[in-house]
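# A structural walkthrough
What follows is the residue order along each chain.
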Amino acid sequence: MTIVSDILLFREGLAVSLARDGRLKICEIASPAEALPAVSRRRPDAVLVDGAMPNCLEFARRMRSWNPDLPLVGFAISGGAERLVEYAESGLAAFVGSEGTMTDLVDAVSGALTGELACSPRVSALMCERLARLSVGPKRTTNLTPREGEIAALIGRGLSNKEIALNLHIGPSTVKNHVHSILEKLNVRRRSAIVHQLSISQGPTNPSEPAFEY
């Protein structure tokens, strides 16, 4: 893993904490300006991105443009619904809030590495709410079948293919075929992009929607 933060003390402290935890191997810490050369040199499995950086969204978009398949995991994320959508649209594959624990961060990285959306239950609830509105609202612009819509919603809750199969009482291979179809219809490459791609199709968030912390 590579840790990217504009605060040296922050990235050094997180690296020490993760080293003590022992579940993730940190190969590099870098500032945003140093990140691309560092990632090119060390080829990490994922990049941990400080969500509190003023240029976090720009940095995420730049990294995603350079390597679309490299999982980006945002930590210390804060803000309301609109901010969350901005993080997702910028290409973050997982989110850990500012109150997240070390276990939350490790779980988020593990999910991102397997192509599963990893975020807090409250974030998942927001994503699913948007999917539900999308499935019945007039702004629906995708041609997902009802079953694909169900599976997309369960992906938004962070379920794996096996868990989705158990939930819907269908075979794992059937779920896999549906996921492949959803990816093709939405023109995205990773299952972690499904939810925020659908949220884009839904249009702007209701201005009265309350912000929340996660």
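In this text, all values refer to a predicted model and were calculated from it rather than measured experimentally. (Residues numbered from 1 in each chain as written. Predicted model: local features only at pLDDT ≥ 70, side-chain atom pairs only at ≥ 80, totals over all residues. Heavy atoms only, no water.)

### Observations regarding the sheet that holds strand β5 (residues 94-97)
Our working rule: Any two strands with at least two DSSP-identified bridges between them are counted as paired. Helix and strand labels come from DSSP, where a helix needs a run of H or I of at least four residues and a strand needs a run of E of at least two; each type is numbered from the N terminus. With axes taken as lines fitted to C-alpha atoms, and helix axes fitted only over the stretch in contact, angles between N-to-C directions fall between 0 and 180 degrees. Contacts: residue pairs with any heavy atoms within 4.5 Å of one another.
Reading across from one edge, β2-β1-β3-β4-β5 is the order of the five strands in this open sheet, with parallel pairing throughout. Both edges of this open sheet fall to β2 (28-30) and β5, since each of them pairs with a single strand only. The mean inter-strand angle of the sheet, taken between neighbouring strand axes irrespective of direction, is 20 degrees. Pairing of strand β1 (residues 2-4) with β2, which is carried by three bridges, proceeds in the parallel orientation. Bridge pairing links Thr2 to Glu28 in β2. Helix-sheet contacts for helix α2 (residues 32-42) involve β1, β2 and β3 (47-50), and the interaxial angle to β2 is about 155 degrees.

### Overview of the packing of aromatic side chains
To keep things clear, this is the line we draw: Planes of paired rings set the category: under 30 degrees apart is stacked, over 60 is edge-to-face and the rest tilted, where pairs are Phe, Tyr or Trp rings (Trp by its six-membered ring) whose centres lie within 6.5 Å. Three exposure classes are used, based on accessible area relative to the maximum for each residue type with a 1.4 Å probe and protein chains only: buried under 20%, partly exposed in between, and exposed over 50%.
One pass over the full model with this rule turns up one aromatic pair. Each ring, one from Phe10 and one from Phe75, has its centre 5.7 Å from the other, and the planes form 85 degrees; the classification is edge-to-face. Of this pair, Phe10 sits in helix α1 (residues 8-21) while Phe75 is found in strand β4 (residues 72-77), placing the two residues 65 residues apart along the sequence. When its relative accessible area of 34% is taken as the criterion, Phe10 is described as partly exposed.

### Points about the confidence of the model for the chain
Operational definition: Each residue carries a pLDDT score, the predictor's confidence in it, ranging from 0 to 100.
A residue-level look at the chain finds 78% of positions with pLDDT of 70 or above and a mean pLDDT of 80. When mean pLDDT is taken per element in the chain, β1 scores highest with 95 and helix α6 (residues 121-136) scores lowest with 60. Note that residues 137-141 has pLDDT below 50 and, in this model, seven contacts with residues that lie over four places away or in other chains. Under a pLDDT of 50 for its full length, residues 202-214 has, in the predicted model, 31 contacts with residues more than four places off or in other chains.

### Topic: the packing of α1 against helix α5 (residues 102-113)
Rules: Any angle from 65 to 115 degrees is called roughly perpendicular, while one under 35 is roughly parallel, one over 145 is roughly antiparallel, and all others are oblique. Note that Gly is not counted as nonpolar here; it falls among the polar residues with everything else outside the nonpolar set of Ala, Val, Leu, Ile, Met, Phe, Trp, Tyr, Cys and Pro and the charged set of Asp, Glu, Lys and Arg.
Between α1 and α5, whose axes approach to 11 Å, the crossing angle comes to 80 degrees. As summarised for this structure, α1 and α5 are arranged roughly perpendicular, according to the angle between their axes. Where α1 approaches α5, its residues Leu14, Ser17, Leu18 and Asp21 are matched on the opposing element by Met102, Leu105 and Val106. Its residues assigned to classes, the contact of α1 with α5 comprises five nonpolar, one polar and one charged.

### Here we look at a nonpolar patch on the surface
Going by this rule: Within the patch definition used here, like charges are joined within 9 Å and nonpolar side chains (Val, Leu, Ile, Met, Phe, Trp, Tyr) within 5 Å, considering only residues with over 30% relative accessible area and no salt bridge. Note on areas: Shrake-Rupley, 1.4 Å probe, and residue coverage restricted to the protein chains presented here. Whenever Lys or Arg places a side-chain nitrogen within 4 Å of a carboxyl oxygen from Asp or Glu, that contact is recorded as a salt bridge.
A cluster of nonpolar side chains, contributed by Ile7, Leu9 and Phe10, occupies part of the molecular surface with about 310 Å² of accessible area. Among the secondary structure elements, Leu9 is positioned in helix α1. Overall, the relative accessible area of 68% leaves Leu9 in the exposed class.

### Brief notes about the pairing of β5
Looking along a regular strand, one sees the side chains alternate between the two faces of the sheet. Side chains Ala94 and Val96 project from β5 onto one buried face, and the interleaved Phe95 and Gly97 project onto a second face that is buried too. In this sheet, β5 lies alongside β4 in parallel orientation, the contact comprising three bridges. Counterpart to Gly74 in the pairing with β5 is Phe95.

### Concerning the environment of Asp21
One can find Asp21 in helix α1. Judged by its relative accessible area of 28%, Asp21 is partly exposed. On a C-alpha basis, the gap between Asp21 and Met102 in space is 8.0 Å, while along the polypeptide they are 81 residues apart. Residues in contact with Asp21, not counting those within four places in the same chain, are Met102 and Val106.

### A short note on unusual backbone geometry
A positive phi angle, near 50 degrees, is found at Arg43, a position not held by glycine. With respect to the secondary-structure elements, Arg43 resides in the loop between α2 and β3. By relative accessible area, Arg43 is classed as exposed at 55%. Positive phi, close to 60 degrees, is recorded for His169, a residue that is not glycine. Mapped onto the fold, His169 is located in the loop between α8 (161-168) and α9 (172-186).

### Examining the pairing of β4
As a reminder of what qualifies: Note on handedness: a clockwise path from strand one over the helix to strand two, with the strands aimed away from the viewer, defines a right-handed crossover.
Judged by how many residues are buried, β4 sits mostly within the fold: six of six residues are covered. Bridging between β3 and β4 involves four bridges; their strand directions are parallel. Across the sheet, Asp50 pairs through a bridge with Phe75, a residue of β4. Handedness of the crossover joining β3 and β4 through helix α3 (residues 56-66) is recorded here as right-handed.

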